[in-house]
Amino acid sequence: LTSTICSLAPDVPSIGQAYSKNSDSITVEFTEVSGATSYILRAESKTGDFFKESTVSSSPGTMVELQPYTDYVLSVMSVNLGGRSQPSYPTEARTVVMAPNLNTSSPTNGTILVTWDPVKDAVLYTLVIIREGSNTRLKLNTTDTTVKFDNLEPGTTYCIKGTAWDSEGRTGDDVTVCQITRPQSPDVTHVQVTPGRALGIAVFWSQVRGANLYLVWTSNGQNCSTENSYCYINPADCGQNHSVYVIAYNDAGPSSPSEPANYITCGYIIPGNCSVMWDGVPLVEYYMAFIKRDDGMETFCNTSLTTCPFSCMCGYTYLTTVFPYNQAGSSPYGHVRNYTTIPCCPLDVMIKLVSTETLEVMWTPVKGAELYETTAAQTKDVIHCNDTAPVCALSDLSCNTAYSVTVTPCSDLRGCNRTCKPQTHETAPCTPEILNMTQTNSSTYRILFTTPNTPNTNYTITATGRYDRQSCQSTNSSCVLTQLPCGSVYEVTAVATTAVGKSLPGFSKTLETGPCCPMSVNVTQVTQAMTNVTWSPSTGARSFITSLTSPRGYAKCHTLDTHCLMGCITCGTNYSVNLEAISSTGQKSECKYRGFSSSACCPTGVKLYRRTNNTLRVYWRSLGPQIYNHTVELYGTGANYTCMAAAGSMYCDIQEETCGDVYTVVAAPVEKYGSKVTFCQPRTYSVPCPGSNAGMGTYHLIPKTMIVTH
C-alpha cells in the first residue's frame, strides 16, 4: 500500500510599503500568508543590470548591498515545502543618499572647521554639534561643503553629526565625528633659579583643560617638555637675562604661546640673594669663605657646608676665596674667584616732549653700566640709542601715541639687564586739517576738519584777520566761527590740544567773508522810463549788480561804480530794490532795500483847442489809474497861464487875454504830496486870433507847429 502526500505552494503575498533608511538597503513590509515558512525578497534595477534575491523569515524584510540613490523594482514570494509562490505585484523604491565624509580640525582654541566632499545627488546638508557632557545642541543647515563653528571652549571635545538631503526632502545616512579644540594658552606662574653645581631654572605654569603635553622654550633656545605643570632647564649661564614661554599641546595642535616671563640667572638686586658654592674636600672640619666687594666692603662666613650666602647688590664685582680647615690648620692657598652682578636699572628715568614727534629720555648713570640701550615697545623694540651717555632722543615717532620707553643698562661681563621697568609718555597730538568752510549766515561760518587723534581731544580753529582774530573750540569734527565782519579776509588754521601739549598747526586756508552791503541806496527817476540808482561805498566789493523788479518787468545793471543809470522803467509801478555786492574773488552778498515807486505816468495825446468865449481848452489822455490831479501850464510870449484839473478829468480850460500868441503847453500829474512830475514833455502850439484864415468854426483845433521842444 502506497500513500502520496502532495504539498501546494503558498499564496502570493502583497507588498504594503517599501522604504529606504540607509543608502545601501530598502525595507519591504508585506502581508504574511498561511502555510509559508519563509519569504524571498527580489530586487531588480530598472535598467535590468541588477538582480538579487534574499530570504527573510517574516515581514518586514530588508534587502541590503544596494547602491545609494538608485531606483529598484521590488517583489516578494512566499515559500514552503511545496515551493515558492508567484511574485507579488511589484513596487518601486529608491535608496537614500550617502552620508557626507566629514573632516574636522581646530585652527584656534575657540573654533572647529568641518569640511567634506560634495555628496552625489545631495541638495542640502545638516550638521548638529554637541559639547561632550552637555545636552545643548546646535543645528545648522547649509548648501556649502565647509562650516566653521566659533565661540567654542578651549581644550573641549565636540561631536558633530552630519546628514545629507536629497531633492525629495529625504535624509540619508548620518555620520558622527568628534574633535577636540586646541588648548588655551597657559600662564607662567613662577620662574625659579635652581642653585647647585649646575645652575638651572625651574618653570611653573597653570595647567589648562584638554592639554596632554607642554613645551617650554627660553629666549636663548633651550627647552623642555612634560605632561606635568613644571619642568627644569639645565644648564643656565649665570648673570644672563632671558625670557621663557610655555605652549600647550593636544591632538588638535599647539596653543598660542603664553606671555613671556622674564628671569635673571643670579645677580639679584635685592640683598641676600647671592651665594658662594664650592666642591667639598676630604678631611675637612669647616670652611672659611671670604667675600670682598670692589668698593672695599668685606664679609665672611664660617660653615661646614659647601655654600655661603651673602648680601649682594647690582653693579658690583665680588672677589671670593674659600679656605678649608681641620685640626691641622687651613689649606695654604685658596683660589680667588670674581663675580660681577648685572648692572642696575636706572630709577629716575625722565621723559619729556621736546617737539611734536620727539621724546627726550634722561637718567642718572647707574652702577655697573658701560652702555645703555633705549627702546620703545611701539617701535618693535628697535634700539633708538646705544650709547654710553645717559640721554637719548627718540625721534620720528608717530603723533598722538603713547610710547613705552625702556632704558636697559649693559656691561661686557654680564650682558644687559632686561628686567628694567618701562616708562610711558605720549607724543603731541596729530595735526588736524581743514576740510571745508561753509557760510551759515552773514557773519557765521561752520568749519569742518579732520579728527586724527584719540577721542576727547580738543581742537581750536583760529581765524586771523588784518585787524582782529576769532576762534572756536570743539571736541568733534566741526565748530562755528561767529561775528566775522563782512568784507574781511582771514587765514584759518586748526590746532589739536591734549594733556601733553599742542600739535603743529595745520595748513591754513583763506576765508573771505562776503563784501559788505552798502549802507544806503537812493533811486531817482530821471525820465518816465529811466532812473538813476546810487549807493554808498561797500567794503570788500569790487562790482555791483543792481536790479529793480516788479510784476510788470525788471531792470538790471552790472557796474564797477557806485551808481547806475537804468532804463525799462514803467510809470506808476512799485519796484523792489536789490543789490548784489561782488568781491574780486567772486564772493557775493545779497542786499535788499526799501522798495521804489516810479512816478505817475505823464498824459499822452495833449491837444490845445480855442473856444468861442476867448478860452483855451487843453485836452489829454491819462495812462494807468485816474487817481491823480493834473496841472497844466501855458507859457506864451505875452502871458503865462496855469490851471488845475481834478482826478479823473482829462481837460482844463484857461481864459485867454491876448490872442495870436505861441504857447508851450506842459500837462503833468500831481502826486500824493503835491509834487508835480517834472519830466513830462512840453508841446508848442501857435494860437491865431479869431477871424483869421486859420479859423474853422466855433471850436477850432489849433494846429501843432513844427517847433516842438523836448
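As recorded in an unreviewed UniProt entry, the protein chain goes by Fibronectin type III domain-containing protein 7-like and comes from Pundamilia nyererei.

A.B. asks: Before we move on, could you go through the overall build of the protein chain and cite the residues and values that matter?
C.D. replies: In terms of helices and strands, the protein chain carries 0 helices and 61 strands. In terms of overall size, the protein chain is more extended than a compact globule, its C-alpha atoms giving a radius of gyration of 57 Å where 710 residues would be expected to give roughly 27 Å. The proportion of buried residues among the 710 residues of the protein chain is 41%. A fraction of 58% describes how many contacts in the protein chain between residues 6 or more apart in sequence connect residues 24 or more apart. Surface exposure of the protein chain reaches about 38,500 Å², of which carbon and sulfur atoms provide 51%. In the protein chain, the 45 positive side-chain charges and the 53 negative ones have mean positions that sit 16 Å from each other.

A.B. asks: Run through the sheet that holds strand S31 (residues 350-355), naming residues and quoting values.
C.D. replies: An order of S31-S32-S35 is seen for the 3 strands of this open sheet, with the pairing classed as antiparallel. The two strands at the open ends of the sheet, each matched to only one other strand, are S31 and strand S35 (391-394). Each strand axis lies, on average, 25 degrees off the axis of its neighbour in the sheet, ignoring direction. Note that strand S32 (residues 358-362) and S35 share 4 bridges and pair antiparallel. Within the sheet, the bridge partner assigned to Val-361 lies in S35 and is Cys-392.

A.B. asks: Report on the sheet that holds strand S43 (residues 478-481), specifying residues and quantitative values.
C.D. replies: Taken together, the 3 strands give an open sheet; going across it, the order is S39-S40-S43, and neighbouring strands pair in antiparallel fashion. Single-partner strands in this sheet number two, and they are strand S39 (434-441) and S43. The mean angle between the axes of side-by-side strands here comes to 20 degrees, regardless of whether they run parallel or antiparallel. Sheet topology note: the S39/strand S40 (residues 444-449) ladder contains 6 bridges and is antiparallel. When the bridges of S40 are listed, Met-437 appears paired with Ile-447.

A.B. asks: Could you give me a rundown of the environment of Pro-343, with the residues and numbers involved?
C.D. replies: Along the polypeptide, Pro-343 turns up in the loop between strand S30 (337-340) and S31. In this structure Pro-343 comes out as buried when scored by relative accessible area, which is 0%. Along the primary structure Pro-343 and Glu-370 are separated by 27 residues, whereas in three dimensions their C-alpha atoms are 8.4 Å apart. Not counting residues within four places of it along the chain, the set of residues in contact with Pro-343 comprises Cys-314, Gly-315, Lys-367, Gly-368, Ala-369, Pro-409, Cys-410, Ser-411, Gly-415 and Asn-417.

A.B. asks: Help me get a handle on the UniProt feature "domain: Fibronectin type-III" (unreviewed entry) in the protein chain, residues and values and all.
C.D. replies: Taking the UniProt record as the reference, the feature "domain: Fibronectin type-III" (unreviewed entry) is found at residues 96-185 and 431-516. Here residues 96-185 is 0% helix and 49% strand, with 45 Å between the C-alpha atoms at its ends. Between the C-alpha atoms that bound residues 431-516 there is a distance of 34 Å. The span itself is 0% helix and 55% strand.

A.B. asks: Residues and numbers for the nonpolar core, please.
C.D. replies: Proteins that are soluble and globular tend to have nonpolar side chains buried together. Counting 18 residues, the largest nonpolar core has Leu-102, Val-114, Trp-116, Leu-127, Phe-149 and Ile-160 as the members making the most contacts within it. The residues touching Leu-102, leaving out its near neighbours within four places in the chain, are Val-114, Thr-115, Trp-116, Leu-127, Ile-160, Lys-161, Gly-162, Val-175 and Val-177.

A.B. asks: How would you summarise the state of the cysteines if you had to cite specific residues and measurements?
C.D. replies: Evaluation of the coordinates by the stated rule reveals 16 disulfides. Shown here is the disulfide that connects Cys-159 with Cys-178, its sulfur atoms set 2.1 Å apart. The sign of the 90 degrees torsion about the S-S bond sets the Cys-159-Cys-178 disulfide as right-handed. Of the two residues, Cys-159 sits in strand S14 (residues 157-165) while Cys-178 sits in strand S15 (residues 171-180), which places them 19 residues apart along the sequence. Residue Cys-178 is classed as partly exposed on the basis of its relative accessible area of 47%. Put simply, Cys-399 and Cys-430 are joined by a disulfide, and their sulfur atoms are 1.9 Å apart. Of note, the bridge from Cys-399 to Cys-430 carries an S-S torsion of about 95 degrees and is right-handed in sense. Of this pair, Cys-399 sits in the loop between S35 and strand S36 (402-411) while Cys-430 sits in the loop between strand S38 (423-426) and S39, placing them 31 residues apart in sequence.

A.B. asks: Tell me about the pattern of salt bridges, residues and numbers included.
C.D. replies: Per the counting criterion, the structure on display carries 16 salt bridges. For Glu-168, the salt bridge is made with Arg-94, and the minimal N-O distance between the two is 2.4 Å. Within this pair, whereas Glu-168 is found in the loop between S14 and S15, its partner Arg-94 is found in strand S8 (residues 91-94), the two being separated by 74 residues in sequence. Glu-168 sits in the partly exposed class, given a relative accessible area of 47%. With a relative accessible area of 24%, Arg-94 lands in the partly exposed category. Note that Glu-153 is salt-bridged to Arg-131, the shortest N-O span being 3.8 Å. With Glu-153 in the loop between strand S13 (146-149) and S14 and Arg-131 in strand S11 (residues 124-131), the pair connects residues that are 22 residues apart, well separated along the chain. Here the salt bridges do not stand alone but share partners, grouping Asp-71, Arg-94, Asp-166, Glu-168 and Arg-170 into one network.

A.B. asks: How would you explain the layout of surface pockets if you had to name every residue and give the values?
C.D. replies: Here the second largest pocket is characterised by a volume of approximately 670 Å³. Lining the second largest pocket are 27 residues, with Thr-406, Arg-418, Thr-419, Cys-420 and Lys-421 positioned closest to its centre. For the lining of the second largest pocket, the elements supplying multiple residues, two or more each, are strand S21 (241-250), strand S33 (371-376) and S36. When residues of the lining of the second largest pocket are assigned to their parent elements, the largest contribution, 5 residues, is made by S36.

A.B. asks: Let's hear about unusual backbone geometry: which residues, and what values?
C.D. replies: A cis amide bond links Ser-59 to the next residue, Pro-60, at an omega of 0 degrees. By the secondary structure assignment, Pro-60 is in the loop between strand S4 (51-56) and strand S5 (61-63). One non-glycine residue with positive phi stands out, namely Asp-396, at about 55 degrees. You can see Asp-396 is positioned in the loop between S35 and S36. Given a relative accessible area of 70%, Asp-396 falls into the exposed group. Even without being glycine, Cys-568 reaches a positive phi, approximately 60 degrees.

A.B. asks: If you had to explain the pairing of strand S55 (residues 615-621) to someone new, which residues and values would you point to?
C.D. replies: The pairing of strand S54 (residues 604-610) with S55 spans 5 bridges and is antiparallel. Directly across from Tyr-609, in S55, lies its bridge partner Arg-617. Connecting S54 to the antiparallel partner S55 that follows it, the hairpin turn spans 4 residues, and Asn-614 within it adopts a positive phi of roughly 55 degrees. As judged from the 5 bridges shared by S55 and strand S58 (residues 651-655), these two strands associate in the antiparallel manner. Paired with Leu-616 across the strands is Ile-654, a residue of S58.

Reading the values: the criteria
Residues numbered from 1 in each chain as written. Predicted model: local features only at pLDDT ≥ 70, side-chain atom pairs only at ≥ 80, totals over all residues. Heavy atoms only, no water. Helix = DSSP H or I, 4+ residues; strand = E, 2+ residues; numbered from the N terminus. Rg over C-alpha atoms; globule rule 2.2 N^0.38 Å. Buried < 20%, exposed > 50% of the residue type's maximum accessible area, 1.4 Å probe, protein only. Contact = heavy atoms within 4.5 Å. Areas by Shrake-Rupley, 256 points an atom, 1.4 Å probe, with all protein chains shown as cover. Lys, Arg positive; Asp, Glu negative; His and termini not counted. Charge placed at Lys NZ, Arg CZ, Asp CG, Glu CD. Pairing = 2+ DSSP bridges. Axes fitted to C-alpha atoms, helices over the stretch in contact; angles between N-to-C directions. UniProt positions renumbered as here; feature names shortened; annotations may be inferred. Core = buried A, V, L, I, M, F, W, Y, C linked by side-chain atoms within 4.5 Å. Disulfide = S-S within 2.5 Å. Salt bridge = Lys/Arg side-chain N within 4 Å of Asp/Glu carboxyl O. 1 Å grid on protein atoms, 1.4 Å probe; cavity = no way out; pocket = protein on both sides within 12 Å on 5 of 7 lines; lining within 4 Å. Points joined across faces, edges and corners; volume = space filled by probe spheres on them.

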